[in-house]
Amino acid sequence: MRIGFCFVKGGTGKTTLASSAVLYLNAVAATAGLIDASPVPMASLLLAAGVQPGVHAGREDIPVAVTRTPEALDAALRALEKMKVSIAVIDLPPMAKTPRLDVAVIVSDPPGLEFVGDFKADAAHSILAVNMAEGVDLGRYKGLANSAAVLPYSPAVARAYQRLTPAILPHHPKARSLGRWKKAFLRLMGEVARQVRR
């Protein structure tokens, strides 16, 4: 299964959500690995893995395939497949053409919502995740994705990113301090997990 975190705009939180999602899915759904297809492999750093192209062991022994470009996804997918990984979480850079995905998590921030209508992900199921937002009327964006979620801005998440730590480690005691962000993240992951179990 291929789950891509994507959007045309940078700085929306794709990497934060992808690195947290792979940890969550690995803990509750099935064996998951990460493909970092960004020229600046921040998701790989968040998972404490190597940043050079290749497959590295990250936090929680999660395999991390660093490609630094979406053009090398097929090789990364084959490498994860050989490792018996059943879910590939892909952190895509801004403006990347999406590969064929099972689930596309379209991560926008409030300023990026003006581009949502023009962004099309090649996916069987798409989820609009409006990150760092409060009070967004999702009704306006119905029909652009199969489902949607709003994640509030969280200083704790921002600090975790600055410390090169995924925002959520499912069994980590400090994860409780994330409050509303964690609840919204878990709702988003519940929707992703439903697609994984199909």
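Just above, that's the structure.
The sections below set out a description of the structure shown in this document. (Residues numbered from 1 in each chain as written. Predicted model: local features only at pLDDT ≥ 70, side-chain atom pairs only at ≥ 80, totals over all residues. Heavy atoms only, no water.)

### Side note on the overall build of the protein chain
Then, in step 1: In terms of helices and strands, the protein chain carries six helices and eight strands.
Then, in step 2: Along the protein chain, from the amino end to the carboxyl end, the secondary structure elements read β-α-β-α-β-β-α-β-β-α-β-β-α-α.
Then, in step 3: Against the compact-globule benchmark of 16 Å for 198 residues, the protein chain has a radius of gyration of 15 Å, which places it among compact chains.
Then, in step 4: C-alpha extents for the protein chain along the principal axes are approximately 40 × 35 × 30 Å.
Then, in step 5: Going through the 198 residues of the protein chain one by one, you find that 52% of them count as buried.
Then, in step 6: Taking the contacts inside the protein chain whose residues are at least 6 apart along the sequence as the reference set, 59% of them involve residues at least 24 apart.
Then, in step 7: Total accessible area on the protein chain is roughly 9200 Å²; 52% of this is exposed by carbon and sulfur atoms.
Then, in step 8: Put simply, the protein chain has 24 plus and 15 minus side-chain charges, and the middle of one group is 6 Å from the middle of the other. (Helix = DSSP H or I, 4+ residues; strand = E, 2+ residues; numbered from the N terminus. Rg over C-alpha atoms; globule rule 2.2 N^0.38 Å. Buried < 20%, exposed > 50% of the residue type's maximum accessible area, 1.4 Å probe, protein only. Contact = heavy atoms within 4.5 Å. Areas by Shrake-Rupley, 256 points an atom, 1.4 Å probe, with all protein chains shown as cover. Lys, Arg positive; Asp, Glu negative; His and termini not counted. Charge placed at Lys NZ, Arg CZ, Asp CG, Glu CD.)

### Comments concerning helix α1 (residues 14-28)
Then, in step 1: Taking 1.5 Å as the rise per residue, α1 with 15 residues should run 21 Å; its terminal C-alpha atoms sit 21 Å apart, in good agreement.
Then, in step 2: Of all 15 residues making up α1, 12 are buried, and the element is well covered by its neighbours.
Then, in step 3: Those residues of α1 that fall on the buried side of the exposure criterion are Lys14, Thr15, Thr16, Leu17, Ala18, Ser19, Ser20, Ala21, Val22, Leu23, Tyr24 and Leu25. (Expected span 1.5 Å × (residues − 1).)

### Notes on the sheet that holds strand β1 (residues 2-6)
Then, in step 1: Read from one edge to the other, the open sheet built from eight strands follows the order β3-β4-β2-β5-β1-β6-β7-β8, with strand pairing classed as mixed. This sheet does not close on itself; its edge strands, each paired only once, are β3 (54-57) and β8 (147-151). Each strand axis lies, on average, 20° off the axis of its neighbour in the sheet, ignoring direction.
Then, in step 2: One ladder, built from four bridges, connects β3 with strand β4 (residues 63-66); its direction is antiparallel. Bridging across to β4, Ala57 finds its partner in Pro63.
Then, in step 3: In the packing of helix α3 (residues 73-82) onto the sheet, the strands contacted are β1, β2 (32-36), β3, β4 and β5 (87-91), and the crossing angle to β2 comes to about 160°. (Pairing = 2+ DSSP bridges. Axes fitted to C-alpha atoms, helices over the stretch in contact; angles between N-to-C directions.)

### As for the packing of aromatic side chains
Then, in step 1: On inspection of all chains with the given rule, the structure shows three aromatic pairs.
Then, in step 2: Seen from their ring centres, Tyr24 and Phe185 are 6.2 Å apart, and the 85° between their planes marks the pair as edge-to-face. Here Tyr24, found in helix α1, pairs with Phe185, found in helix α6 (residues 179-197); they are 161 residues apart in sequence, far enough to count as distant. Just as Tyr24 is buried, Phe185 falls in that class too.
Then, in step 3: When the centroid spacing of 5.1 Å and the interplanar angle of 10° are considered together, the rings of Trp181 and Phe185 count as stacked. Residue Trp181 and its partner Phe185 are both found in helix α6; the two are separated by four residues, about one turn of the helix. (Phe/Tyr/Trp six-rings, centres within 6.5 Å; stacked < 30°, edge-to-face > 60°.)

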